[in-house]
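Letter by letter, the chains look like this.
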Amino acid sequence: MSCRWPWVLVDLDVSGAGQGYPSDLTDEQWALVEPLLPAPRTGPKGGRREKHPRRRTVDAIMYVLRTGCAWRQLPHDFPPWQTVYWYFVRWHDEGTVTHIHNALRAQARQAEGRNAEPTAGLIDSQSIRTADTVPSMTRGFDAGKKVKGRKRFIVTDTLGLLLTVHVVTASVQDRDGAKRSLLWTRLDHPTVLKVWADQGFAGRLVDWTATTLKRSLEIVRKEPGQRGFHVQPKRWAVERTFAWLTAHRRLARDYEHHTAHAETMIRWAMIGVIVRRLARRGPATRSGPRPLRHTEP
């Protein structure tokens, strides 16, 4: 096949096997995720055999996360978008995504020489714009950040790995929205005794955490006379987590109809972050710029 611009020709593996897209899981990464998925529903009363490989379904979800495309815009070498979305909702409703994420987080902590369950955490919020398809009842206006959309509350461990996520309207104040996230952290991770936060969480929330949850909420304040950006001790890890999340184009803006599905999308993104960390078994490296090579026709 000839082309006027030969340098744009690429060879993609679209057969459904191998790594056809950069977002696809490698063999090492898939080996971490596959054992955590529920057993297929087979047998006389369990439904018919699954038609599409589960690996391609998971790769399709990761493709949506990384590229930010709509479900209907999935390439044809993936399973039909209706099938992919059905599994996304089913695994959300059954708690499968939460189970996978929690199991992988424990493995990542143990690989770093930590206990499976943390003893300290970090909390922060992020206001994000929403698509016009998001219901107006789940949107609000953050007067401080001048953002109309939703607000994400996350609690991480000191490595930046997700513990709790809570998505609400952007009009909710940090001190009010953080209560639910701190409560979920208290119930799901009772070993977490101390949480660090920025100045936006100061005030009555500190007393509420101490009296109601019997936990310590410490406010990390700026140095007197500080100007410009400075990395704050301890809190830098949760800021890095937000950077990990927004590297996924689907999370750069909130497109999900339900806030619960928005939370599941964040968990899927963290699953991708964790399996890459576990599979490489070492610090991340960047390949650097790649020179453009022109080929003669």
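Residues numbered from 1 in each chain as written. Predicted model: local features only at pLDDT ≥ 70, side-chain atom pairs only at ≥ 80, totals over all residues. Heavy atoms only, no water.

Caption draft 1: Structural view of the pattern of salt bridges. Counting across every chain of the model gives 17 salt bridges. Between Arg56 and Asp77 there is a salt bridge, with its nearest N and O atoms 3.4 Å apart. In this pair, Arg56 sits in helix α2 (residues 54-67) while Asp77 sits in the loop between α2 and α3 (81-93), placing the two residues 21 residues apart along the sequence. Take Arg56 and Asp77: they sit in the same class, and that class is buried. Ionic pairing is found between Glu94 and Arg90, a salt bridge with its closest N-O pair at 3.4 Å. A network of salt bridges, in which partner residues are shared, links Asp24, Arg56, Asp59 and Asp77. (Salt bridge = Lys/Arg side-chain N within 4 Å of Asp/Glu carboxyl O. Helix = DSSP H or I, 4+ residues; strand = E, 2+ residues; numbered from the N terminus. Buried < 20%, exposed > 50% of the residue type's maximum accessible area, 1.4 Å probe, protein only.)

Caption draft 2: The arrangement of the pairing of strand β1 (residues 120-129) in detail. With nine of its 10 residues buried, β1 lies for the most part within the structure. Bridging between β1 and strand β3 (residues 147-156) involves eight bridges; their strand directions are antiparallel. Within the sheet, the bridge partner assigned to Arg129 lies in β3 and is Gly149. (Pairing = 2+ DSSP bridges.)

Caption draft 3: The arrangement of helix α5 (residues 174-188) in detail. Spanning 15 residues, α5 covers 21 Å between terminal C-alpha atoms, matching the ideal 21 Å at 1.5 Å per step. If you check which residues of α5 are buried, you get Asp174, Gly177, Ala178, Ser181, Leu182 and Thr185. Looking at the buried residues of α5, the elements they touch are β1, β3, β4 (162-169), β5 (194-197), α6 (204-212) and β6 (216-219). (Expected span 1.5 Å × (residues − 1). Contact = heavy atoms within 4.5 Å.)

Caption draft 4: Structural view of the nonpolar core. Core analysis: the biggest nonpolar cluster contains 52 residues, and Trp71, Leu74, Trp91, Leu104, Trp268 and Ile271 have the highest contact counts within it. Elements represented by at least two residues in this core include exactly α1 (27-33), α2, α3, α4 (96-111), β1, β4, α7 (236-246) and α9 (259-280). The biggest single contributor to this core is α9, with 11 residues. Once you skip the residues sitting within four places of it in the chain, Trp71 turns out to touch Ile61, Val64, Trp81, Val84, Tyr85, Phe88, Arg250 and Met265. (Core = buried A, V, L, I, M, F, W, Y, C linked by side-chain atoms within 4.5 Å.)

Caption draft 5: Representation of empty space enclosed by the protein. Overall, the coordinates contain two cavities of 30 Å³ or more when judged by the stated rule. Space inside the largest cavity adds up to approximately 60 Å³. Taken together, Leu182, Thr185, Arg186, His189, Val192, Val195, Thr209, Leu213 and Arg215 form the lining of the largest cavity. It is α5 that provides the largest number of residues to the lining of the largest cavity, a total of three residues. Across the lining of the largest cavity, the residue classes tally to four nonpolar, three polar and two charged. Estimates place the volume of the second largest cavity at around 30 Å³. Lining the second largest cavity are Arg152, Arg250, Leu251, Arg253, Asp254, Tyr255, Glu256, Ala262 and Ile266. Secondary structure elements with two or more residues in the lining of the second largest cavity: α8 (249-252) and α9. Its residues assigned to classes, the lining of the second largest cavity shows four nonpolar, no polar and five charged. (1 Å grid on protein atoms, 1.4 Å probe; cavity = no way out; pocket = protein on both sides within 12 Å on 5 of 7 lines; lining within 4 Å. Points joined across faces, edges and corners; volume = space filled by probe spheres on them. Nonpolar A, V, L, I, M, F, W, Y, C, P; charged D, E, K, R; others polar.)

Caption draft 6: Expanded view of the packing of aromatic side chains. Counted according to the given criterion, the structure contains nine aromatic pairs. Ring geometry for Tyr63 and Phe78: centres 5.4 Å apart, planes at 55 degrees, overall tilted. A residue pair is termed long-range when its members are at least 10 positions apart, and Tyr63 in helix α2 and Phe78 in the loop between α2 and α3 qualify at 15 residues. Accessibility assignment for this pair places Tyr63 and Phe78 in one class, buried. Judged by centre distance (5.1 Å) and plane angle (50 degrees), the rings of Tyr87 and Trp91 are tilted. Of this pair, Tyr87 and Trp91 both sit in helix α3, separated by four residues, roughly a single helical turn. Ring-pair connections join several aromatic residues into one group, and the members of that group are Trp86, Tyr87, Trp91 and Trp268. (Phe/Tyr/Trp six-rings, centres within 6.5 Å; stacked < 30°, edge-to-face > 60°.)

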